[in-house]
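Breakdown of the fold
Here is what each chain is made of, one letter per residue.
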Amino acid sequence: MLAKKAPGIKSSEVTPRKLYLNRREFIAGSAARAAYAATNPLFSRSLVIERQDASAAASAAPQVPQKPAVAKRGEFTPPDERNTPYADATGYTNFYEFSTAKRDPAVLARNFRTRPWVLSVEGLVKAPRSFAIDDLIRLFPLEERIYRWRCVEGWSMVIPWIGFPLAEFIKKCEPSPSAKFVEFTTLFDPEQMPFQKTKVLEWPYLEGLRLDEAMHPLTLLAVGMYEEYLPPQNGAPIRLVVPWKYGFKSIKSIVRIRFIEKMPKSAWMKARPEEYGFYANVNPFVSHPRWSQATERRIGEDGKRKTVVFNGYEAEVGSLYSGMNLKRYY
Ligand code: MTE
């Protein structure tokens with residue numbers, strides 16, 4: 001990951017706690033959402049698809065709402081935090097399939113096609129299967145989870161994600177007892193994702209979790225953020241969110257989930273094995289060769305904060321790693 005300076009956002013622009021959109025942000029956010037709705041396939045094409053569905057009178061499946069229907073909120077909400085402004089969370093992103101520059105994916109991914117979209121389940125499961133994204137959205141009650149979000153490059157945010165626990169999805173997949181790891185793969189489509197024509201990483205982007213990490217109640221499959229479906233640059237239509245790990249574990253635009261016996265090699269482990277381990281747990285005491293992890297710059301704040309072990313989720317996830325040498329297994 002390239003070192004880039006985080007944008008300077010004045011503290012006056014930060015959203016008050018429990019109130020996402022202050023007036024200023026609301027105006028900026030509305031403009032951004034209007035522009036997005038005008039160009040984004042999720043908005044424009046879903047209407048077409050729903051009309052087609054409607055004409056196929058035989059299909060009685062409930063339609064996917066225009067906005068994610070959130071059934072549950074508030075679980076794991078960190079106290080004394082303010083949500084990062086929508087414009088920053090969606091404008092300052094890492095999505096190397098589109099660009100290595102953080103402001104580019106918001107523009108270059110604008111026309112990324114997220115329908116039709118199929119997520120396939122393979123490997124050590126009772127039966128391989130696949131899910132159309134809109135079926136998934138209908139199948140699982142959506143929750144809002146406000147999580148701290150820490151990038152290995154030293155910036156952090158607080159993001160209200162919308163999704164469902166990966167554990168619920170895994171239960172549906174019925175993995176066999178020999179499955180020990182879960183591997184996730186991003187779409188490979190160089191025509192749509194221009195940087196897949198470069199050798200920045202070995203494509204498609206690939207990540208993995210130990211099965212118990214994947215089953216942890218904090219681990220989400222996200223389909224939305226800030227009351228909307230995910231914008232393309234944040235990993236539409238479905239991505240992983242693992243809040244106690246550095247952001248690079250949270251793979252975007254997933255098309256395949258595979259249950260396997262052996263630890264997979266992630267895209268970053270392949271690209272720079274001396275810099276990126278499998279676990280990638282936020283740890284202020286283990287520095288990345290190029291970036292100290294002791295502090296972080298919270299987007300929207302002046303100065304720096306101290307980084308906290310497991311990104312502040314030690315009480316929830318510490319037991320997953322008891323007895324492990326976290327300096328060695330970084
Ligand atoms: N997933 C894919 N497919 N491609 C990527 O380049 N970048 C990762 C991760 N998931 C990335 C990805 C990195 S480095 C980070 S920090 C987070 O996504 C950023 O997520 P955000 O842009 O939604 O904040």
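Residues numbered from 1 in each chain as written. Predicted model: local features only at pLDDT ≥ 70, side-chain atom pairs only at ≥ 80, totals over all residues. Heavy atoms only, no water.

Our focus in this paragraph is the side chain of asparagine 311. Within the secondary structure, asparagine 311 sits in the loop between β13 (305-306) and α9 (314-317). When near neighbours in sequence (up to four residues on either side) are disregarded, asparagine 311 contacts Arg148, Trp149, Arg150, Pro243, Trp244 and Val282. (Helix = DSSP H or I, 4+ residues; strand = E, 2+ residues; numbered from the N terminus. Contact = heavy atoms within 4.5 Å.)

The omega torsion across arginine 115 and proline 116 is -10°, close enough to zero to call that bond cis. Along the polypeptide, proline 116 turns up in the loop between α4 (105-108) and β2 (118-123). For the bond from alanine 236 to proline 237, the omega torsion is -5°, close enough to zero to count as cis. By the element assignment, proline 237 lies in the loop between β9 (228-229) and β10 (239-241). A positive phi angle is found at phenylalanine 310, which is not glycine, with a value near 50°.

The environment of the ligand is formed by 17 residues, the closest being Tyr96, Glu97, Trp149, Arg239 and Lys252. A distance of 2.8 Å separates an oxygen atom of the ligand from a polar side-chain atom of tryptophan 149. Within the side chain of lysine 252, one N or O atom sits 2.7 Å away from an oxygen atom of the ligand. About the coverage of the ligand: the protein hides 100% of its 530 Å² of free accessible area. Tallied by class, residues from the shell around the ligand come to 8 nonpolar, 6 polar and 3 charged. (Near = heavy atom within 4 Å. Polar contact = N/O pair within 3.5 Å; in protein donor to acceptor, adjacent residues only side chain to side chain. Areas by Shrake-Rupley, 256 points an atom, 1.4 Å probe, with all protein chains shown as cover. Nonpolar A, V, L, I, M, F, W, Y, C, P; charged D, E, K, R; others polar.)

Our next topic: the pairing of strand β5 (residues 155-165). The buried count for β5 comes to 11 of 11 residues, which makes it a mostly enclosed element. Relative to β5, strand β4 (residues 142-150) is paired through 8 bridges, and the arrangement is antiparallel. Bridging across to β5, isoleucine 146 finds its partner in proline 160. Linking β4 to β5, which pair antiparallel, is a turn of 4 residues; within it glycine 154 sits at a positive phi near 110°. Here β5 pairs with strand β12 (residues 295-298) via 2 bridges, running parallel. Residue tryptophan 155 lies in a different strand from β12, and its bridge partner there is arginine 297. Alignment of β5 against strand β8 (residues 220-225), held across 5 bridges, turns out to be antiparallel. When the bridges of β8 are listed, glycine 163 appears paired with alanine 222. (Buried < 20%, exposed > 50% of the residue type's maximum accessible area, 1.4 Å probe, protein only. Pairing = 2+ DSSP bridges.)

This part takes up the sheet that holds strand β7 (residues 206-210). Taken in spatial order, the 5 strands of this open sheet run β3-β2-β11-β6-β7, and their pairing is mixed. Looking at which strands have only one partner, the edges of the open sheet turn out to be β3 (129-132) and β7. Strand-to-strand twist across the sheet, computed as the mean angle between neighbouring axes with direction ignored, equals 20°. For β2 and strand β11 (residues 254-260), the ladder comprises 4 bridges, and the chain directions are parallel. Within the sheet, the bridge partner assigned to glycine 123 lies in β11 and is phenylalanine 259. (Axes fitted to C-alpha atoms, helices over the stretch in contact; angles between N-to-C directions.)

Now for the nonpolar core. Core analysis: the biggest nonpolar cluster contains 85 residues, and Trp161, Phe169, Ile238 and Phe259 have the highest contact counts within it. The greatest single-element share of this core, amounting to 6 residues, is contributed by β5. Leaving out residues up to four positions away in the same chain, phenylalanine 259 has contacts with Val121, Glu122, Gly123, Leu124, Val125, Ile170, Cys173, Pro175, Ala179, Phe181, Val182 and Leu211. (Core = buried A, V, L, I, M, F, W, Y, C linked by side-chain atoms within 4.5 Å.)

As a further point, take the environment of cysteine 151. Relative to the elements of secondary structure, cysteine 151 occurs in the loop between β4 and β5. Among the residues examined, cysteine 151 registers a relative accessible area of 5% and is labelled buried. Sequence-wise, cysteine 151 and phenylalanine 248 are 97 residues apart; in three dimensions their C-alpha atoms are separated by 7.1 Å. Discounting chain neighbours no more than four positions away, the residues touching cysteine 151 are Asn94, Tyr246 and Gly247.

Before going further, it helps to examine the pattern of salt bridges. All chains considered together, the criterion is met by 27 salt bridges. A salt bridge links glutamate 174 to lysine 126; the shortest N-O distance between them is 3.5 Å. Of this pair, glutamate 174 sits in the loop between α6 (166-173) and β6 (181-186) while lysine 126 sits in the loop between β2 and β3, and the two are 48 residues apart along the sequence. By relative accessible area, which is 66% here, lysine 126 ends up exposed. A salt bridge links lysine 171 to glutamate 168, with the shortest nitrogen-to-oxygen separation between them at 3.2 Å. One end of the pair is lysine 171 and the other is glutamate 168, both in helix α6 and 3 residues apart, which spans about a single turn. Residues joined in a network through salt bridges with shared partners are Glu81, Arg148, Arg150, Glu296, Arg298, Glu301 and Arg305. (Salt bridge = Lys/Arg side-chain N within 4 Å of Asp/Glu carboxyl O.)

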